Amino acid sequence: MSGQIIGLLGLGALIALVLLRVPIAVALGVVAVTGYAAVDGWRRALIAIGNTPYEMAEKYALTVVPLFVLMGVVAARAGMSRELYRAANAMFSGVRGALAMGTIGACAGFGAICGSSLATTATLTRVAVPEMQRYGYDLRIATGVVASGGTLGILIPPSIILIIYALFAERSVPELYAAALFPGIALTILHIIAIAVIARLQPGRLPKVPGLPISERLRAAAQLWKMALLFAIAVGGIYAGIMSPTEAAAVSAFAAIVIAFLTCDFGWRDLLESMMETVWTTGVLFFIAVTAFLFGYFMVLTQLPVTVAAWVKALDVAPWVVILLLVGVYLVLGCFLDSLSMIVVTVPVFLPLVQAIYPDNPNIAVWFGIVMVVVVEMGLITPPVGMNIFVLRAQLPEIPLATMFSGIGPFLLADFALIALLLSVPDLALWLPRTLGFLS
């Protein structure tokens, strides 16, 4: 049996295991080791099992992951999400749809610090949805705003998903952070524009909240200093070349702890619980990463990515057609996989394909990483099994799923608009890293 056929059987087995609700790390590991043994024998497969965790553990760059996770956990426990929500609402107050626009801003800001779409959605659900219900917002809009807003922060640095992608794509974290900044801001603006259009066409669905005086807005904006400081350390330090990603993560995590102790009702017990949550989250991430690396080795061994790339090139279709097909695949995968799982499963197969159809662009891996993160996050709100929607449902069981899903349409259009922008204007992602000297 050829390696390519074994690779296809492995992909089929992986999908079957995931559909059977086998944890993604276990499914990846079982398929990778069994497939590796089928191609190259059990002896080499067992050697790979022993070497891969060590190779992962010795990567100094990976120390950035638990540090950024700790920063996000501490920020969440210190109540910074509520402060951010109040500030965002104050800034938009007086505009029809202000609470929804403020929720989008809060999701983008907190998601950037938190690094998790699901955690952002869970946090802002408790804060934003009851407030919008109190003012009479259409439930479809209220839930759609939170579900879609939860997907924004994962693109804006510092993002854990971009770190994982950098590891698999063998690109640097600073260049990916620089590439993601403008698309992340653009997507936030597009979501706000979507709310403004709804408010214009269907004003009854978005009540107008009275505006606040300038003094109140300035007082609310002043509360943003905590988040602004963390962002400046975590991202500004990297962009300025003052700190490496690991140093920036360490300093920003320490800063989050100091700020929480000095300004919030945050004690030693909260810090201990934050550290325990960080250890658990990091352990899960690394377990998935180790098995995903094994799966990547298995894919390389089968030569399936090379074969697929050659087949697509032989079709002689425009590169944008291939990208749109991959977008469709990610939307389908989003029905039953979370964002991290989608990336670790697909990068070993799809990235070589994209590099093959853009052979003259040495920076295509950076651009594709941004496009992929956008599409991966879209998959978390698309029916029938959008993960963010189920996070909402768990906290708001009285609201039907149909109502929640019906509210995401305008925001999916905003996501598609960003993909169209990235396809037509690649420099939206590549200009900043090139200007900062990260790209040639």
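Focus: the overall build of the protein chain
When its secondary structure is counted, the protein chain shows 22 helices and zero strands. For the protein chain, the C-alpha radius of gyration of 22 Å lies close to 22 Å, the compact-globule estimate for 440 residues. Its C-alpha atoms give the protein chain principal-axis dimensions of about 70 × 50 × 45 Å. Among the 440 residues that make up the protein chain, the fraction classed as buried is 55%. Counting only contacts in the protein chain whose residues sit at least 6 apart along the sequence, the fraction spanning at least 24 positions is 78%. When the accessible surface of the protein chain is totalled, it reaches about 18,100 Å², and 69% of it is carbon and sulfur. Mean positive and mean negative side-chain charge positions of the protein chain (22 and 21 charges, respectively) differ by 9 Å.

As for the packing of helix H10 (residues 173-201) against helix H12 (residues 225-239)
Remark: H10 packs on H12, axes separated minimally by 9 Å, with the N-to-C direction vectors making an angle of 115°. Judged on the interaxial angle alone, H12 and H10 are roughly perpendicular. The handedness of the crossing between H10 and H12 is left-handed. Along its contact with H10, which presents Pro-174, Tyr-177, Ala-178 and Leu-181, the element H12 presents Phe-231, Ile-238 and Tyr-239. Counted by class, the contact of H10 with H12 contains seven nonpolar, no polar and no charged residues.

Some words on the packing of helix H16 (residues 319-333) against helix H17 (residues 339-357)
For the pair H16 and H17, interaxial distance at closest approach is 11 Å and the crossing angle is 175°. The pairing of H16 with H17 is recorded here as roughly antiparallel in orientation. Two secondary-structure elements touch here, H16 through Pro-319, Val-322, Ile-323, Leu-326, Val-329, Tyr-330 and Leu-333 and H17 through Met-342, Thr-346, Phe-350, Leu-353, Val-354 and Ile-357.

Here we look at helix H18 (residues 364-378)
Compared with the 21 Å implied by 1.5 Å per residue over 15 residues, the 21 Å span of H18 between its first and last C-alpha is a close match. Burial runs high along H18: 15 of the 15 residues are buried.

Focus on helix H14 (residues 268-302)
Owing to its 3.6 residues per turn, the α-helix brings residues three or four apart onto one side. Across its 35 residues, H14 extends 51 Å between first and last C-alpha, which sits within 8% of the 51 Å expected from 1.5 Å per residue. Just downstream of H14, Gln-303 is the residue with a positive phi angle, here 65°.

Re the pattern of salt bridges
What the rule picks out here adds up to eight salt bridges. A salt bridge links Glu-277 to Arg-77; its shortest N-O distance comes to 3.6 Å. Residue Glu-277 is found in helix H14, and its partner Arg-77 is found in helix H4 (residues 64-77); the two are separated by 200 residues along the sequence. Residue Glu-277 is classed as partly exposed on the basis of its relative accessible area of 36%. Judged by its relative accessible area of 35%, Arg-77 is partly exposed. Each of Arg-77, Arg-269, Glu-273 and Glu-277 takes part in a single network of salt bridges with overlapping partners.

Quick word on the nonpolar core
Grouped together as the largest cluster of nonpolar side chains are 167 residues, with contacts concentrated most on Phe-68, Tyr-165, Tyr-330, Val-344, Trp-367 and Phe-368. No other element matches H10, which puts 15 residues into this core. Filtering out sequence-adjacent residues up to four positions away, Tyr-330 remains in contact with Met-342, Thr-346, Phe-350, Phe-368, Met-372, Val-375 and Val-376.

Things to note about the confidence of the model for the protein chain
With 97% of its residues at a pLDDT of 70 or more, the protein chain shows a mean pLDDT of 82. When the elements of the protein chain are averaged for pLDDT, helix H15 (residues 304-315) gives the smallest value, 71, and helix H22 (residues 427-435) the largest, 91.

Some details on unusual backbone geometry
Despite not being glycine, Glu-170 has its phi angle at roughly 60°, a positive value. Checked against the element boundaries, Glu-170 lands in the loop between helix H9 (160-169) and H10. The exposed category is assigned to Glu-170, whose relative accessible area is 72%.

Re the packing of aromatic side chains
In this structure the tally under the stated criterion is six aromatic pairs. Arranged with centres 6.2 Å apart and planes meeting at 65°, the rings of Phe-295 and Phe-298 form a pair that is edge-to-face. Of this pair, Phe-295 and Phe-298 both sit in helix H14, separated by three residues, roughly a single helical turn. Side by side, Phe-295 and Phe-298 carry an identical accessibility label, which is buried. Taken together, Phe-261, Phe-266 and Trp-268 form an aromatic cluster joined through their ring pairs.

Scoring rules and cut-offs
Residues numbered from 1 in each chain as written. Predicted model: local features only at pLDDT ≥ 70, side-chain atom pairs only at ≥ 80, totals over all residues. Heavy atoms only, no water. Helix = DSSP H or I, 4+ residues; strand = E, 2+ residues; numbered from the N terminus. Rg over C-alpha atoms; globule rule 2.2 N^0.38 Å. Buried < 20%, exposed > 50% of the residue type's maximum accessible area, 1.4 Å probe, protein only. Contact = heavy atoms within 4.5 Å. Areas by Shrake-Rupley, 256 points an atom, 1.4 Å probe, with all protein chains shown as cover. Lys, Arg positive; Asp, Glu negative; His and termini not counted. Charge placed at Lys NZ, Arg CZ, Asp CG, Glu CD. Axes fitted to C-alpha atoms, helices over the stretch in contact; angles between N-to-C directions. Parallel < 35°, antiparallel > 145°, perpendicular 65-115°, else oblique. Left-handed = near helix turned anticlockwise from the far one by under 90°. Nonpolar A, V, L, I, M, F, W, Y, C, P; charged D, E, K, R; others polar. Expected span 1.5 Å × (residues − 1). Salt bridge = Lys/Arg side-chain N within 4 Å of Asp/Glu carboxyl O. Core = buried A, V, L, I, M, F, W, Y, C linked by side-chain atoms within 4.5 Å. pLDDT = per-residue confidence, 0-100. Phe/Tyr/Trp six-rings, centres within 6.5 Å; stacked < 30°, edge-to-face > 60°.

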